[in-house]
Amino acid sequence: MRLTSRLLKLEGRVNLVDFLKLNENEQAKIYKGCINKPKLDDLEQVTKALIEKYQEKKVTLNYYECDTCGGFHLTKSGKRRRRLIKHMILKTLAGGKI
Ligand SMILES: [Zn+2]
């Protein structure tokens, strides 16, 4: 990826000066946990995204609040929590509300 597009991806997620001070491993971790994932701004967006994913692909994801950007991201990890989330999705869909 070209440097300009790499920097554009960082915009709005991290403080660029602080980010560039991190070593390669630390930067890679931030890419994996934040930059490479869509950012959801609030729990309403999280709920919509979780339900859409379930309806489109029958997949239940988990979510976490991100220390890097202050938003939320979806993740496949957390089997137990995903089960609870699935229960909530099914309940929501049964109620006909999102
Ligand atoms: Zn993030």
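Criteria and thresholds
Residues numbered from 1 in each chain as written. Predicted model: local features only at pLDDT ≥ 70, side-chain atom pairs only at ≥ 80, totals over all residues. Helix = DSSP H or I, 4+ residues; strand = E, 2+ residues; numbered from the N terminus. Rg over C-alpha atoms; globule rule 2.2 N^0.38 Å. Contact = placed C-beta atoms within 7 Å. Domains from an automatic or database assignment. Nonpolar A, V, L, I, M, F, W, Y, C, P; charged D, E, K, R; others polar. Core = buried A, V, L, I, M, F, W, Y, C linked by C-beta atoms within 7 Å. Buried ≥ 20, exposed ≤ 12 C-beta atoms within 10 Å, placed from the backbone. Pairing = 2+ DSSP bridges.

## Side note on the overall build of the protein chain
Point 1. Scanning the protein chain from terminus to terminus reveals five helices and two strands.
Point 2. In terms of overall dimensions, the protein chain is more spread out than a globule: its C-alpha atoms have a radius of gyration of 16 Å, far above the 13 Å expected for 98 residues.
Point 3. Dimensions along the principal axes, computed over C-alpha positions, put the protein chain at roughly 50 × 20 × 20 Å.
Point 4. Taking as baseline every contact in the protein chain between residues at least 6 positions apart, the subset at least 24 positions apart corresponds to 47%.

## Focus: the domain arrangement of the protein chain
Point 1. Domain boundaries in the protein chain define domain 1 (1-36) and domain 2 (38-98).
Point 2. The gap between the C-alpha centroids of domain 1 and domain 2 is 25 Å.
Point 3. At the junction of the two partners, domain 1 supplies five residues and domain 2 supplies five residues.
Point 4. Class assignment for the residues of the side of domain 1 that touches domain 2 results in three nonpolar, one polar and one charged.

## A look at the nonpolar core
Here is a general trend for soluble globular proteins: nonpolar side chains tend to be buried in one another's company.
Point 1. One finds Leu40, Val46, Leu50, Leu61, Tyr63, Phe72 and Ile85 forming the largest nonpolar core, which totals seven residues.
Point 2. Among all residues touching Tyr63, those that are not within four sequence positions of it are Val46, Leu50, Phe72, His73, Leu74 and Thr75.

## What about the environment of Ile51?
Point 1. Mapped onto the fold, Ile51 is located in helix α4 (residues 43-57).
Point 2. Sequence spacing of Ile51 and Leu61 is ten residues, and the spatial spacing of their C-alpha atoms is 9.3 Å.

## Some details on unusual backbone geometry
Point 1. One non-glycine residue, Lys58, adopts positive backbone phi at about 55°.
Point 2. Tracing the chain through its elements places Lys58 in the loop between α4 and β1 (62-65).

## Topic: the pairing of β1
Point 1. One ladder, built from four bridges, connects β1 with strand β2 (residues 72-75); its direction is antiparallel. When the bridges of β2 are listed, Glu65 appears paired with Phe72.

## Digging into helix α1 (residues 3-10)
Point 1. Burial runs low along α1: only zero of the eight residues are buried.
Point 2. Just downstream of α1 lies Gly12, where phi reads positive at about 80°.

## Concerning the environment of Ile35
Point 1. Its location among the elements puts Ile35 in helix α3 (residues 24-35).
Point 2. Sequence spacing of Ile35 and Gly71 is 36 residues, and the spatial spacing of their C-alpha atoms is 11 Å.
Point 3. Those residues in contact with Ile35, other than ones at most four positions away along the chain, are Lys9, Leu10, Arg13 and Ile30.

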